[in-house]
Amino acid sequence: MPESSALLATRVAAAVPRLLAVQVEPAEEETADVVDEAVERLADGLLHWHDELVAGRGEHRLPAPRSDADVARSPHASRGLATAIRAGRMPGNPFANQTAAGRLREVRAVVDEVTEQVGDPGLRETGACLSGALDDLAAGLLQQAGTLQEESGRLATLRRTPGATGVSSGPTPVDQLLGRVVRAEHRLQRVAATTLRS
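Owing to the predicted nature of the structure, the values given are computational and were not obtained by experimental measurement. (Residues numbered from 1 in each chain as written. Predicted model: local features only at pLDDT ≥ 70, side-chain atom pairs only at ≥ 80, totals over all residues. Heavy atoms only, no water.)

Caption draft 1: Examining the packing of helix α2 (residues 29-55) against helix α6 (residues 173-193) more closely. Their axes nearest at 8 Å, the elements α2 and α6 cross at an angle of 25°. Classified by the angle their axes make, α2 and α6 are roughly parallel. Here α2 and α6 pass one another in a crossing that is left-handed. Together, Glu-30, Thr-31, Val-34, Val-35, Ala-38 and Arg-41 of α2 and Glu-185, Leu-188, Gln-189, Ala-192 and Ala-193 of α6 make up the contact between the two elements. (Axes fitted to C-alpha atoms, helices over the stretch in contact; angles between N-to-C directions. Helix = DSSP H or I, 4+ residues; strand = E, 2+ residues; numbered from the N terminus. Parallel < 35°, antiparallel > 145°, perpendicular 65-115°, else oblique. Left-handed = near helix turned anticlockwise from the far one by under 90°. Contact = heavy atoms within 4.5 Å.)

Caption draft 2: Main features of the environment of Glu-113. Mapping Glu-113 onto the fold places it in helix α4 (residues 94-117). Taking C-alpha positions, Glu-113 is 10.0 Å from Val-12, a pair spaced 101 residues apart along the chain. Reaching out from Glu-113, the side chain makes a polar contact with the side chain of Arg-11 at a distance of 2.3 Å. (Polar contact = N/O pair within 3.5 Å; in protein donor to acceptor, adjacent residues only side chain to side chain.)

Caption draft 3: Local environment of the nonpolar core. In this structure, Leu-19, Leu-46, Trp-49, Leu-53, Leu-104, Val-114 and Leu-137 are the most contacted members of the largest nonpolar core, which totals 37 residues. Of all elements in the fold, only α1 (5-20), α2, α4, α5 (121-160) and α6 reach the threshold of two or more residues within this core. For this core, the element with the highest residue contribution is α2, accounting for ten residues. When neighbours within four sequence positions are excluded, Leu-46 is seen to be in contact with Val-12, Val-16, Leu-19, Val-107, Val-111 and Leu-130. By size, the runner-up hydrophobic cluster in this structure holds 13 residues, among which are Ala-27, Ile-85, Leu-178 and Val-181. (Core = buried A, V, L, I, M, F, W, Y, C linked by side-chain atoms within 4.5 Å. Buried < 20%, exposed > 50% of the residue type's maximum accessible area, 1.4 Å probe, protein only.)

Caption draft 4: Region of the structure containing the side chain of Gln-144. In this fold, Gln-144 is placed in helix α5. Excluding residues within four positions of it along the chain, Gln-144 makes contact with Pro-26, Ala-27, Asn-97, Ala-184, Glu-185 and Leu-188.

Caption draft 5: Just the environment of Leu-7, in detail. Note that Leu-7 resides in helix α1. Separated by 47 residues in sequence, Leu-7 and Val-54 place their C-alpha atoms 9.1 Å apart.

Caption draft 6: Representation of the confidence of the model for the protein. Here the protein shows a mean pLDDT of 88. Residues at 70 or above account for 86%. Predicted confidence in the protein is weakest over helix α3 (residues 79-86), with a mean pLDDT of 91, and strongest over α4, with 97. (pLDDT = per-residue confidence, 0-100.)

Caption draft 7: Geometry of the pattern of salt bridges. Counted by the stated rule, this structure contains eight salt bridges. One salt bridge in this structure joins Arg-11 and Glu-113, with 2.3 Å as the shortest N-O distance. Note that Arg-11 is positioned in helix α1 and Glu-113 in helix α4, a separation of 102 residues in sequence. Taking the relative accessible area as the measure of exposure, Arg-11 reaches 24% and is therefore partly exposed. Classification of Glu-113 as partly exposed rests on a relative accessible area of 38%. Asp-175 serves as the salt-bridge partner of Arg-86, at 3.0 Å between the closest nitrogen and oxygen. With Arg-86 in helix α3 and Asp-175 in helix α6, the pair connects residues that are 89 residues apart, well separated along the chain. Given a relative accessible area of 26%, Asp-175 falls into the partly exposed group. (Salt bridge = Lys/Arg side-chain N within 4 Å of Asp/Glu carboxyl O.)

This is the structure in structure tokens:
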């Protein structure tokens, strides 16, 4: 038996603090900022949907996201990231990002359950949009976490390899590793910047 609109709205409102508790630790501070903004937009979207559920009709007006044009077109490493990796330290915490992705998917499950129980097409459309955005951001975090884990292992191996960070005519293995981390951070920034894009 479907729950009442008030109970469904309460379930959505209860998911907002869980969403806002999501903490990410990517390798770049800029990435963390962009992801935090995406999480805030998702929370605003949930609150907007809550209000629609209470009213019993959907308007499908979600918060406008930051444009992906706001993300630097050419990925580059911050001085802090480059210095840390060249010193043999990998910034960020892939396990925190995996946990964050899991929390996003928990919130998505609530959104999906509520969406299944609403009859109004506008409310269902808003729910589907929120669900997709939560899933996309979670997938982006998981991909970035996987790259950080993999490259952390490579960095540990390189630290033990004599000459791996030495001067050469081309990019060193550490430079190549840094490039892979930068590209992973940039991909996550683009996913987060386009979260809830209309």
